[in-house]
Amino acid sequence: MSLSLPGVHLFYDPHWQDARAIDELCWGIEEQGVPCQVICCDEGRDASALSMLAARNSTLRVGLGLSAAGDIALTHAQLPDDRPLVTGHIGDNPGQIRILGANAGQLVKILPLSERK
């Protein structure tokens, strides 16, 4: 049995090159006082599938996925595989991406999610 540190997992496609979106997501999570682990996942999946894989690998059961196309998905391990809780895109303004990260932290803390505009 391997023990990993608790945290929201953020799985991203290895073809993703821009660290700004990852930074914004992580800052949003950390603003909620929840740790974040960023992991490159080369399974060639979309954001929804990456987020579910991340959630299933997280001891907190919450995951974010960032696809090579810039799609972002937030989910919980108990949700259906193809139905993420919240989605976004790196084309959103940085504040909206950070709110998406904050929502991951709020999901862990069982708080209402912040509204994205």
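Heads up: the structure comes first, above all this text.
Everything quoted here is computed from the prediction, not taken from an experiment. (Residues numbered from 1 in each chain as written. Predicted model: local features only at pLDDT ≥ 70, side-chain atom pairs only at ≥ 80, totals over all residues. Heavy atoms only, no water.)

### Considerations on the overall build of the protein chain
- Of the regular secondary structure elements, the protein chain holds three helices and five strands.
- The linear arrangement of helices and strands in the protein chain, starting from the amino end, is β-α-β-α-β-β-β-α.
- In terms of overall size, the protein chain behaves like a compact globule, its C-alpha atoms giving a radius of gyration of 12 Å where 117 residues would be expected to give roughly 13 Å.
- Each principal axis of the C-alpha distribution contributes one length, and for the protein chain these read about 40 × 30 × 25 Å.
- By the burial criterion, 44% of the 117 residues in the protein chain qualify as buried.
- Relative to all contacts within the protein chain whose residues are 6 or more apart in sequence, the contacts with residues 24 or more apart total 58%.
- For the protein chain, the computed accessible surface area is about 6200 Å², with 52% contributed by carbon and sulfur atoms.
- Looking at charge distribution, the protein chain has the averaged site of its 9 positive side-chain charges lying 6 Å from that of its 14 negative ones. (Helix = DSSP H or I, 4+ residues; strand = E, 2+ residues; numbered from the N terminus. Rg over C-alpha atoms; globule rule 2.2 N^0.38 Å. Buried < 20%, exposed > 50% of the residue type's maximum accessible area, 1.4 Å probe, protein only. Contact = heavy atoms within 4.5 Å. Areas by Shrake-Rupley, 256 points an atom, 1.4 Å probe, with all protein chains shown as cover. Lys, Arg positive; Asp, Glu negative; His and termini not counted. Charge placed at Lys NZ, Arg CZ, Asp CG, Glu CD.)

### Structural notes on unusual backbone geometry
- Even without being a glycine, arginine 61 presents a positive backbone phi close to 70 degrees.
- Structurally, arginine 61 can be placed in the loop between helix 2 (47-57) and strand 3 (62-66).

### Structural notes on the pairing of strand 4 (residues 71-76)
- With respect to burial, strand 4 is a largely interior element, five of its six residues being buried.
- Bridging between strand 3 and strand 4 involves five bridges; their strand directions are antiparallel. Within strand 4, the position partnered with leucine 66 by the bridge is isoleucine 72.
- Count of turn residues in the strand 3/strand 4 antiparallel hairpin: four residues, of which glycine 70 carries a positive phi of about 95 degrees.
- In terms of strand pairing, strand 4 meets strand 5 (residues 86-89) through four bridges, oriented antiparallel. Following the sheet pairing, aspartate 71 is matched in strand 5 by histidine 89. (Pairing = 2+ DSSP bridges.)

### What to know about helix 2
- Ala47, Ser48, Leu50, Ser51, Met52, Ala54 and Ala55 are the residues of helix 2 that are buried.
- Its buried side turned inward, helix 2 meets strand 1 (8-12), strand 3 and strand 4.

### A word on the packing of helix 1 (residues 19-31) against helix 3 (residues 94-108)
- With their axes 6 Å apart at the nearest point, helix 1 and helix 3 run at an angle of 45 degrees to one another. With respect to helix 3, the axis of helix 1 lies oblique. The handedness of the crossing between helix 1 and helix 3 comes out as right-handed. Of the residues in helix 3, those touching helix 1 at Ala21, Glu24, Leu25, Trp27, Gly28, Ile29 and Glu31 are Pro94, Ile97, Arg98, Leu100, Gly101, Ala102 and Ala104.
- Along the lines of polarity and charge, the residues of the contact of helix 1 with helix 3 split into nine nonpolar, two polar and three charged. (Axes fitted to C-alpha atoms, helices over the stretch in contact; angles between N-to-C directions. Parallel < 35°, antiparallel > 145°, perpendicular 65-115°, else oblique. Left-handed = near helix turned anticlockwise from the far one by under 90°. Nonpolar A, V, L, I, M, F, W, Y, C, P; charged D, E, K, R; others polar.)

### Some words on the pairing of strand 3
- Most of strand 3 is tucked away: five of the five residues are buried.
- Pairing geometry for strand 1 and strand 3, over four bridges, is parallel. Each residue of the ladder has a partner; that of histidine 9, found in strand 3, is glycine 63.

Read these as geometric descriptors, not functional statements.
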